[in-house]
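# Fold and contact review
Below, each chain spelled out in residue letters.
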Amino acid sequence: MKYYLGIDIGTSGTKAVCFDELGNSLCSKTEEYKIYTPKPGYAEENPLDWFWATKKAIQFITQQGYDIAGIGLSGQMHGLVLLDQEDNLLRNSIIWCDNRAIKETEELEKNLGKIIKECTGNPVVSSFTLAKLLWVKNNEPEQFKKIHKIMLPKDYVRYMLTGSFTSEFSDASGMQMIDIYQKKYAKPILDYLNIKEEQLPKLKESYEISGYIQKDLAKELGLSENCFVVGGAGDQAAAAIGNGIVSFGDASIVLGSSGVVFSPVTKEQAKHTDLQIFMHAIPNTYHVMGVTNGCGLSYKWLKEEVIKDKTYSELNLLAEQASPLSNGVIYLPYLNGERTPHMDPYASGTWIGIRQNTSQKDLIRSVLEGVSYSLKDCFELLPRTNYNIHITGGGAKGDLWRKILASVLDCNIKRIKQDEGGALGVAILAMVADHIYPSIEDAIQKIIKPLDVVQPDKEWVECYQKGYDLYQNLYQSLKEFYKKAFKI
């Protein structure tokens, strides 16, 4: 029996999980790190923290006696990592939920908008890597001149582990620097920023081996020098594989730091959608994706900044005591602006309807409901069909949140027995690279097993349709206010 590691470089921490060939989770370790917010709308992390966390997690698992054959990497998308000619970090990484590049987004839209949409499948997005890179060029020109390598979070960890300057299509398609239909870097986009292709990582398929653990590091981590690292995947494509979302008509909802609605599509379908478009980790497959920025981040913010004396379990118990619609309180989860469907970096988190009789339990439940409404905003943009919906992410462990979401969407929602999401997805990619399975689809068929199904509460469905209508109207009413308040 061989063993494989799935490593997920997330927003709040890195998680490594050891799996056997059947996809059974044998051992896991999570190491957390800090998000830095030096200004409103800014979000940064130190890439050395990711590497430190990755090493600590690997060491914990190898110390349990597992001989690891291969590693898959999953990572938070859209982050900007910059190295100089000596491979020193030029600055902290500007991560996915950062929205500082508003002027740069306007500049790109004005001068290159049509080309970017045609090549990348998406309009210019301030939180994507391209706009952040232009921000560095405009605001930190001396640092920009020193750039030798540009990479994404998981690919920095790969580089530190293996020395291989590589990415893969699912994550790289979120940089807004490649033509996702031609599967190559888009020269007009690079030329606009005066970036050369040599400054960007080589592109591989997600299941292809990208490198092997460096000799000295292998000894430190308790790994064999023959331990390989596959291309891996962006966190959402990885989680989709870990949930068996590979066929047209499948859909996944991820309740992570961000909330994501994800569904595979053909190349032609990808060209005709209002959702964000990326390449899947499965060759020649695309996926559409709707994202709400403040999903688990909203619940974490609530726990750490508003109701500080409660655990997550205690928050959930209080929320269960509140009635649907939270005694008239509605929460808009725009803590870091919003992506789908508004693409509005000015939007901010908002509570409406607070009165003297509003309780903690109302506030807590309103956060769960507000995030669910924002996910419905995303879900409504999918092509109309009866979807096979799977749910994953840390929030999916909460019985109440799953029931609220099923009722907001008025759909059955399934969970699988394995709840490791992206870590399992990239471990499957490593198994395919090692010829344990002939294909990703074959591996999923043998590994992914159902756990349970949550059905909507019919009484709640009617309540939440009314709540959702109010929620949608609130954003439209507040849109101009958000912009004015942000500038003040």
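Residues numbered from 1 in each chain as written. Predicted model: local features only at pLDDT ≥ 70, side-chain atom pairs only at ≥ 80, totals over all residues. Heavy atoms only, no water.

## Digging into the packing of helix α13 (residues 360-379) against helix α17 (residues 458-487)
The relative placement of two packed helices comes down to the angle between their axes together with the axis-to-axis distance. Across the interface, α13 lies against α17 with an axial gap of 10 Å and an inter-helix angle of 75 degrees. The orientation of α13 with respect to α17, classified from their angle, is roughly perpendicular. Across from R365, E369, G370, Y373, S374, K376 and D377 in α13, the residues of α17 making contact are W460, Y464, Q465, G467, Y468, Y471 and Q472. When grouped by side-chain class, the residues that make up the contact of α13 with α17 number 5 nonpolar, 5 polar and 4 charged. (Axes fitted to C-alpha atoms, helices over the stretch in contact; angles between N-to-C directions. Helix = DSSP H or I, 4+ residues; strand = E, 2+ residues; numbered from the N terminus. Parallel < 35°, antiparallel > 145°, perpendicular 65-115°, else oblique. Contact = heavy atoms within 4.5 Å. Nonpolar A, V, L, I, M, F, W, Y, C, P; charged D, E, K, R; others polar.)

## Focus on the pattern of salt bridges
Within the structure shown, the criterion is met by 23 salt bridges. A salt bridge links E220 to K55; the nearest nitrogen and oxygen atoms lie 3.3 Å apart. Here E220, found in helix α8 (residues 215-221), pairs with K55, found in helix α1 (residues 47-62); they are 165 residues apart in sequence, far enough to count as distant. With a shortest N-O distance of 3.7 Å, K458 and D410 are connected by a salt bridge. Of the two residues, K458 sits in helix α17 while D410 sits in the loop between α14 (399-409) and β23 (413-416), which places them 48 residues apart along the sequence. (Salt bridge = Lys/Arg side-chain N within 4 Å of Asp/Glu carboxyl O.)

## What about unusual backbone geometry?
The omega torsion across T340 and P341 is 0 degrees, close enough to zero to call that bond cis. You can see P341 is positioned in the loop between β20 (330-332) and β21 (350-352). Positive phi values are uncommon outside glycine, yet N327 reaches one of about 60 degrees.

## A look at the packing of aromatic side chains
Using the criterion set out here, one finds 22 aromatic pairs in the structure. For the ring pair Y42 and W135, a centre distance of 6.2 Å and an interplane angle of 85 degrees mean the geometry is edge-to-face. Of this pair, Y42 sits in the loop between β3 (25-32) and β4 (44-45) while W135 sits in helix α3 (residues 129-139); the two residues are 93 residues apart in sequence, bridging distant segments of the chain. Exposure remark for Y42: the relative accessible area of 15% places this residue in the buried category. (Phe/Tyr/Trp six-rings, centres within 6.5 Å; stacked < 30°, edge-to-face > 60°. Buried < 20%, exposed > 50% of the residue type's maximum accessible area, 1.4 Å probe, protein only.)

## Some remarks on the pairing of strand β5 (residues 68-75)
The buried fraction of β5 amounts to 8 of the 8 residues, a majority that puts the element mostly inside the structure. Judged from the 7 bridges that link them, strand β1 (residues 3-9) and β5 form a sheet pairing that is parallel. Directly across from I7, in β5, lies its bridge partner L73. Sheet analysis places β5 next to strand β14 (residues 228-230), joined by 2 bridges and oriented parallel. Within the sheet, the bridge partner assigned to I71 lies in β14 and is V229. (Pairing = 2+ DSSP bridges.)

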